[in-house]
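# Chains, contacts and geometry: an overview
What follows is the residue order along each chain.
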Amino acid sequence: MDITKSRGPSLLVSNMLINLVKTTLISFIAIFMMFLSTQTLADEAIIIVHKSNPLSVIKKEDLSNIFLGKQVLWDSGGRIMAGMLSTDSPEVKAFLKSVCNKSVKRFNAHWMKFIFSGLGVKPQEFTNSRRAIFFISGNKNAIAIIDKSKLSGNVKRIKIVD
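Residues numbered from 1 in each chain as written. Predicted model: local features only at pLDDT ≥ 70, side-chain atom pairs only at ≥ 80, totals over all residues. Heavy atoms only, no water.

## Let's talk about the overall build of the protein chain
Within the protein chain, the secondary structure is distributed over five helices and six strands. The linear arrangement of helices and strands in the protein chain, starting from the amino end, is α-β-β-α-β-α-α-β-α-β-β. Residue burial in the protein chain is summarised as follows: out of 162 residues, 31% are buried. Expressed as a percentage of contacts within the protein chain between residues at least 6 apart in sequence, the contacts between residues at least 24 apart total 69%. Per element, the accessible surface of the protein chain, about 10,600 Å² overall, is 60% carbon and sulfur. (Helix = DSSP H or I, 4+ residues; strand = E, 2+ residues; numbered from the N terminus. Buried < 20%, exposed > 50% of the residue type's maximum accessible area, 1.4 Å probe, protein only. Contact = heavy atoms within 4.5 Å. Areas by Shrake-Rupley, 256 points an atom, 1.4 Å probe, with all protein chains shown as cover.)

## Points about unusual backbone geometry
Here the phi dihedral of Asn101 falls at roughly 55 degrees; this positive angle occurs in a residue that is not glycine. In this fold, Asn101 is placed in the loop between helix H3 (90-99) and helix H4 (104-116).

## With respect to the environment of Phe67
Counting through the fold element by element, Phe67 comes out in helix H2 (residues 60-67). Taking the C-alpha atoms as reference points, Phe67 and Ile143, 76 residues apart in sequence, are found 9.3 Å from one another. Setting aside anything within four residues of it in sequence, one finds Phe67 in contact with Ala82, Gly83, Met84, Phe95, Cys100, Phe107, Trp111, Pro123, Ile143, Ala144 and Ile145.

## Concerning the sheet that holds strand E2 (residues 57-59)
Adjacent strands of a sheet form backbone hydrogen bonds with each other and so pair up, either parallel or antiparallel. If you walk across this open sheet you meet the six strands as E2-E6-E1-E5-E3-E4, and the pairing is mixed. A single partner strand is all that each edge strand has here, and the edge strands are E2 and strand E4 (124-126). Each adjacent strand pair in this sheet contributes to an overall mean axis angle of 35 degrees, direction not counted. Here strand E3 (residues 81-85) runs beside strand E5 (residues 142-147); their pairing, made up of four bridges, is parallel. (Pairing = 2+ DSSP bridges. Axes fitted to C-alpha atoms, helices over the stretch in contact; angles between N-to-C directions.)

## Thoughts on the pairing of strand E1 (residues 45-50)
E1 sits mainly inside the fold: six of its six residues count as buried. Sheet topology places E1 next to E5; five bridges connect them, and they run antiparallel. Paired with Ile48 across the bridge in E5 is Ala144. Across four bridges, E1 lies against strand E6 (residues 155-161) in antiparallel orientation. Counterpart to Ile48 in the pairing with E6 is Arg157.

## Side note on H3
Residues Glu91, Val92, Ala94, Phe95, Leu96 and Val99 constitute the buried set of H3. Two residues or fewer past H3, Asn101 is found with a positive phi of approximately 55 degrees.

## Considering the pattern of salt bridges
Applying the stated criterion across every chain, the model contains one salt bridge. Lys122 serves as the salt-bridge partner of Glu125, at 3.3 Å between the closest nitrogen and oxygen. Classification of Glu125 by relative accessible area gives partly exposed; the value is 32%. (Salt bridge = Lys/Arg side-chain N within 4 Å of Asp/Glu carboxyl O.)

## Focus: the side chain of His110
By the element assignment, His110 lies in helix H4. Here Leu68 takes part through its backbone oxygen, which lies 2.7 Å from a polar atom of the side chain of His110. Leaving out residues up to four positions away in the same chain, His110 has contacts with Leu68, Lys70 and Lys102. (Polar contact = N/O pair within 3.5 Å; in protein donor to acceptor, adjacent residues only side chain to side chain.)

Encoded structure:
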């Protein structure tokens, strides 16, 4: 009796299981690394408002609603003016994914629908944080996403809470 023939099916199943475990482990590691990368990028972005804005903390859900055009007024009644770095920036990509649960493509599609329906105005995009800070410092009702390293004294950083 040939030993390889009698062990053939069980050896094949064992090899398949080993390959399945390897593939699953590699996939898990890749997803984990992407998560770590997103967290690092999100940590580089901050939310700023005009220094006279009484807000010091904002809920993640409220922030999402602001940048998706679902919340257009502050509690004080002032019209919110949202701004952000370009959607090409890693900070904004991470923000959209972690706060709004949207990719840049889905975010832009959302706004195309809103704009064509006459429901709102997409947040203004800026080529750099300095321009966003200038925008905020001149508008008491403005809020923006900027690079954490560019924060200046003309604006106020607000904390995001769940």
